[in-house]
Amino acid sequence: MAAGVGRWGGLTAETVRSVKHVDVWSRLLLQQMAKIGLDSVPIAVFIAVFTGIVLSLQASYTFTGAVPLYFVGVLVGKTMMLELGPVLTGLALSGRVGANIAAELGTMRVTEQIDALETMAYPPVAYLVLPRVLAGIIMFPVVTALAIAVGIGSGWITALQLLDMSTPEFVRGLTLFFEPFDVTFAFIKATSFGFVVTTIGCLFGFHTRGGAEGVGKSTTQAVVVSSMAILVLDAFWAVTLL
Amino acid sequence: MNRTREALVGLVIVVAVLVTTFGVLWLQGVTWGEPQVEMEAVFDEVGLVRAGNAVKLRGVQVGRVREIAVDPGGELVRVTFRIGEGLTLPEDAVMVLSPESLFGDWQAEIHPRTRFPRVTFPEPQEADVLPGHALPDISQLTAAADDISESMLVLTERIGIAFSEETAQNIASLIDNIEGVTTQLSTLVEQQAASFAEVTDDVRQATQGIGSAADQARQTLERVDEIIARDEVESALQDLSAIAANMRGVSAELEGTNREVREMAEQVEATFAKVQGMLETVESGEGSLGRLFHDPVMAEELEGAVSELQLLLEDIRENPRRYVRLSIF
């Protein structure tokens, strides 16, 4: 594990040093943003819709009795912004984006395409890693913002249709304990998740060995490790920022 | 990469930024197009109120709390809030922070100061800054209730210690005594009520008497007024003067009579003294009468002489010519 962390640190440092090759990575950035962000919006929105519905229903089930029903809005808003929006989106994208990056770069490694780049003195990190990492850092918060908005919206509709709540009630709960830092916190987490998922995917893809089997193994490890990293980071930010 | 995908990437980013921006502003309570004014209030402390809490006037939300900061001196907390422009605040308005519900949400209400006569508000130096006060929250009230319950528990324990079986018996006997005293008091009250009725009758009669006396006095005074009016007083005074003169004459006569009576008494007293002396002489057997009283023979002779003298007088009355001889010339 220590060796893995060391390799990850080395790759991160190499990625930072590759920023100077703007002409290499800038041409690929928009393409990676589309692959990592735009293509991930449907799965993120799908997860957010059902998360909002479940949150709303479970909140009403929990608050039956002494707690007023407008606290459904409080719970849906706070939970989507502080926890489920960034974390579920991060986990979904770690499976989709992290696996995709690891498989793509692993295949390039086992087919010696990366070696060919190095042979041609073309910076492989600036060409393969940096666009993906920057795209992840940019697009993870974007997808997370959309997921939070969709999740709150689906919870709102659920409260109106299934819980016999009114819009003023739900909005009162939504605004009751809202603080702008809630959104900042969500973006900090999403950005860090984007960085971790893409760098871990790149790390396992870059160090793939053993042909097709190695590619599959790297992909699996990338998903597992990035998911664990997301959960660890989630706790880290909660401890340090809240 | 075709331009459509590039546009979609841009669109997704723009949508996410717009959703985030407007969502945050909306959740913060920012109103678009409605002019607002920013005001401040100062507090000793602000409880659990936070930026974004509702500002209410007469129970209606008219704005939101924007910022909370401790004054540079550290003695006051300054709360900045925004309300709709054109709102007329109550005269001598104050801001009161209070829990909006039992679940930790607070509100800032604007009231006239007269609604809180017992509250001491901090007085801000600026004229347009409202004085404020934070009411205790549910936790403070609960802590106070906890103190009260502990005091009640101590009190209950002390009562339990003091209220032994002997105390209960004493209290029972005390209650019996009180019942007896109450019965006696009710009897006394009934008696006193009867007496009171009598006294009341007497008082009523006395009052009636006083009333009739007052009538008579009034009539008398009216007569006096009439008499005064008819000038009879002067003649009555003259009569009184004559009576007084007569009385003085009578007094003088009485004084003379009194003097004569005194002289007569003195004479009588002297006469009695003489008679006393004579009687003493007689009793001592001195003199003719003494001897007469003490000598039976002489008394008998005297009695016989008296009888003879009576006979003589009768004879003289019947036959005067025998003993008296009248001759003229």
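Residues numbered from 1 in each chain as written. Chains lettered and ligands numbered in written order. Predicted model: local features only at pLDDT ≥ 70, side-chain atom pairs only at ≥ 80, totals over all residues. Heavy atoms only, no water.

1. Describing the overall build of chain A
Note the threshold: To qualify as a helix, a DSSP run of H or I must reach at least 4 residues; to qualify as a strand, a run of E must reach at least 2; elements of each kind are numbered from the N terminus. Only protein chains enter the calculation, and the probe is 1.4 Å; a residue is then buried if its accessible area is under 20% of its type maximum, exposed if over 50%, and partly exposed in between. Pairs of residues are marked as contacts when any of their non-hydrogen atoms sit within 4.5 Å. Method for areas: the Shrake-Rupley scheme with a 1.4 Å probe, in which residue coverage is limited to the protein chains shown. We count Lys and Arg on the positive side and Asp and Glu on the negative side, and we leave His and both chain ends out. All charge positions are set by atom: Lys at NZ, Arg at CZ, Asp at CG, Glu at CD.
For chain A, the helix and strand inventory stands at 9 helices and 0 strands. The order of helices and strands in chain A, counted from the N terminus, is α-α-α-α-α-α-α-α-α. Seen through its C-alpha atoms, chain A measures out along the principal axes to roughly 70 × 35 × 30 Å. Relative to its 242 residues, chain A shows a buried fraction of 52%. Expressed as a percentage of contacts within chain A between residues at least 6 apart in sequence, the contacts between residues at least 24 apart total 84%. Within the structure as shown, chain A displays about 10300 Å² of accessible surface, and the carbon and sulfur contribution to it stands at 69%. Separation between the mean location of the 13 positive side-chain charges and that of the 14 negative ones in chain A comes to 6 Å.

2. Side note on the nonpolar core
Condition: Side-chain atoms within 4.5 Å are what join buried Ala, Val, Leu, Ile, Met, Phe, Trp, Tyr and Cys residues into a set we call a nonpolar core.
Core analysis: the largest hydrophobic core is formed by 49 residues, its most contacted members being Leu 105, Leu 128, Val 129 and Phe 206 of chain A together with Val 12 of chain B. Of all elements in the fold, only α2 (22–36), α3 (41–62), α4 (71–110), α5 (113–119), α6 (124–162), α8 (180–206) and α9 (211–241) of chain A together with α1 (3–27) of chain B reach the threshold of two or more residues within this core. Once you skip the residues sitting within four places of it in the chain, Val 12 of chain B turns out to touch Leu 38, Val 41, Met 139, Val 142 and Leu 146 of chain A. With 26 residues, the next largest nonpolar core counts Phe 71, Met 81, Met 165 and Phe 178 of chain A among its residues.

3. Digging into the sheet that holds strand β4 (residues 77–84) of chain B
Residues and elements named next belong to chain B. For the record, the criterion: Note on pairing: DSSP must find at least two bridges between two strands before they are called paired. Orientation is described by axes fitted as lines to C-alpha atoms, over the contacting stretch for helices, and by angles from 0 to 180 degrees between their N-to-C directions.
Spatially, β1-β4-β3-β2-β6-β5-β7 is the arrangement adopted by the 7 strands of the closed barrel, whose pairing is mixed. Neighbour-to-neighbour, the strand axes of the sheet open up by a mean angle of 35°, direction not taken into account. Looking at chain direction, strand β5 (residues 93–99) and strand β7 (residues 129–134) are connected through 3 bridges and run parallel. What sits directly across from Val 96, in β7, is His 133.

4. What about the interface of chain A and chain B?
Quick note on the threshold: Accessible area that two parts lose when put together, evaluated with a 1.4 Å probe and summed over both, is termed the buried area. Throughout this description, the term salt bridge denotes a Lys or Arg side-chain nitrogen within 4 Å of a carboxyl oxygen of Asp or Glu. Here a polar contact is taken to be a pair of N or O atoms separated by no more than 3.5 Å, where protein atoms must pair a possible hydrogen donor with a possible acceptor and residues adjacent in sequence count only if both atoms sit in side chains. The residue classification treats Ala, Val, Leu, Ile, Met, Phe, Trp, Tyr, Cys and Pro as nonpolar and Asp, Glu, Lys and Arg as charged. All others, Gly included, are polar.
Facing 31 residues of chain A, the contacting portion of chain B comprises 23 residues. In total, about 2300 Å² of surface goes out of reach between chain A and chain B, with carbon and sulfur atoms giving 75% of it. Counting the contacts that link chain A with chain B gives 3 salt bridges. As a salt-bridge pair, Asp 39 of chain A and Arg 5 of chain B come within 3.2 Å of each other at their nearest N and O atoms. On the surface where chain A and chain B come into contact, there are 3 residue pairs in polar contact (both at pLDDT 80 or more). Per-element tally for the side of chain A that touches chain B: the top contributor is α6 of chain A, with 6 residues. Of the residues in the side of chain A that touches chain B, the class split is 25 nonpolar, 2 polar and 4 charged.

5. Notes on unusual backbone geometry
Comment: phi is negative for the bulk of residues other than glycine, and the bulk of peptide bonds are trans. All names here are of chain A. At Glu 112, a position not held by glycine, the phi torsion is positive, near 60°. Assessed through its relative accessible area of 52%, Glu 112 is described here as exposed. Located in the positive-phi region is Ala 121, a residue other than glycine, with phi close to 60°. Structurally, the position occupied by Ala 121 is in the loop between α5 and α6.

6. Digging into the pairing of strand β1 (residues 36–43) of chain B
Residue and element names in this part refer to chain B. Relative to β4, β1 runs antiparallel, the two being bridged by 8 bridges. If you follow Gln 36 over to β4, its bridge partner there is Gly 84. Direction of pairing for β1 relative to β7: parallel, over a ladder of 3 bridges. Residue Glu 40 lies in a different strand from β7, and its bridge partner there is Val 129.

7. A few points about α9 of chain A
Residues and elements named next belong to chain A. Filter applied, for reference: Expected span, for any helix, means 1.5 Å times one less than how many residues it has.
Its 31 residues give α9 an end-to-end C-alpha distance of 43 Å, which sits within 8% of 45 Å, the value for a rise of 1.5 Å per residue. Those residues of α9 not exposed but buried are Gly 214, Val 215, Ser 218, Thr 219, Ala 222, Ser 226, Ser 227, Ala 229, Ile 230, Leu 233, Asp 234 and Trp 237. If you follow the buried residues of α9, they end up packed against α4 and α8.

8. Things to note about the environment of Gly 52 of chain B
Residue and element names in this part refer to chain B. Within the element layout of this structure, Gly 52 appears in the loop between β1 and β2 (54–57). Residue Gly 52 is classed as buried on the basis of its relative accessible area of 18%. Apart from the residues lying within four places of it in its own chain, the contact partners of Gly 52 are Arg 64 and Val 65.

9. Concerning the environment of Ala 54 of chain B
Residue and element names in this part refer to chain B. Considering the arrangement of structural elements, one finds Ala 54 in strand β2. Residue class for Ala 54 comes out buried when judged on its relative accessible area of 8%. The sequence separation of Ala 54 and Thr 182 amounts to 128 residues, and the corresponding C-alpha distance is 63 Å. Each residue touching Ala 54, except ones within four places of it in the same chain, is listed here: Gln 61, Gly 63, Trp 106, Gln 107 and Ala 108.

10. Observations concerning the domain arrangement of chain B
Using the following cut-off: Domain ranges listed in this record stem from an automatic or a database domain assignment.
Annotation of chain B at the domain level lists domain 1 (1–30), domain 2 (35–139), domain 3 (154–207) and domain 4 (280–323). In this structure, domain 1 of chain B and domain 2 of chain B have C-alpha centres spaced 36 Å apart.

11. Description of the side chain of Ser 60 of chain A
Residue and element names in this part refer to chain A. Tracing the sequence through the fold places Ser 60 in helix α3. The class of Ser 60 is buried, set by a relative accessible area of 11%. Not counting the four nearest positions on each side in its chain, Ser 60 is found in contact with Leu 69, Val 72 and Leu 163.

12. Considerations on the packing of α2 of chain A against α1 of chain B
Definition in use: Here the angle decides the label: under 35 degrees means roughly parallel, over 145 means roughly antiparallel, 65 to 115 means roughly perpendicular, and every other value means oblique. Crossing handedness is read from the near helix: turned anticlockwise from the far helix by less than a right angle, it gives a left-handed crossing, and turned clockwise, a right-handed one.
At a minimum axis separation of 10 Å, α2 of chain A and α1 of chain B run at an interaxial angle of 65°. As the angle between them shows, α2 of chain A and α1 of chain B are arranged roughly perpendicular. Handedness of the crossing formed by α2 of chain A with α1 of chain B: left-handed. Of α1 of chain B, the residues touching α2 of chain A (which contributes Leu 30, Met 33, Ala 34 and Lys 35 of chain A) are Arg 5, Glu 6, Val 9 and Ile 13 of chain B. Residue composition of the contact of α2 of chain A with α1 of chain B, grouped by class: 5 nonpolar, no polar and 3 charged.

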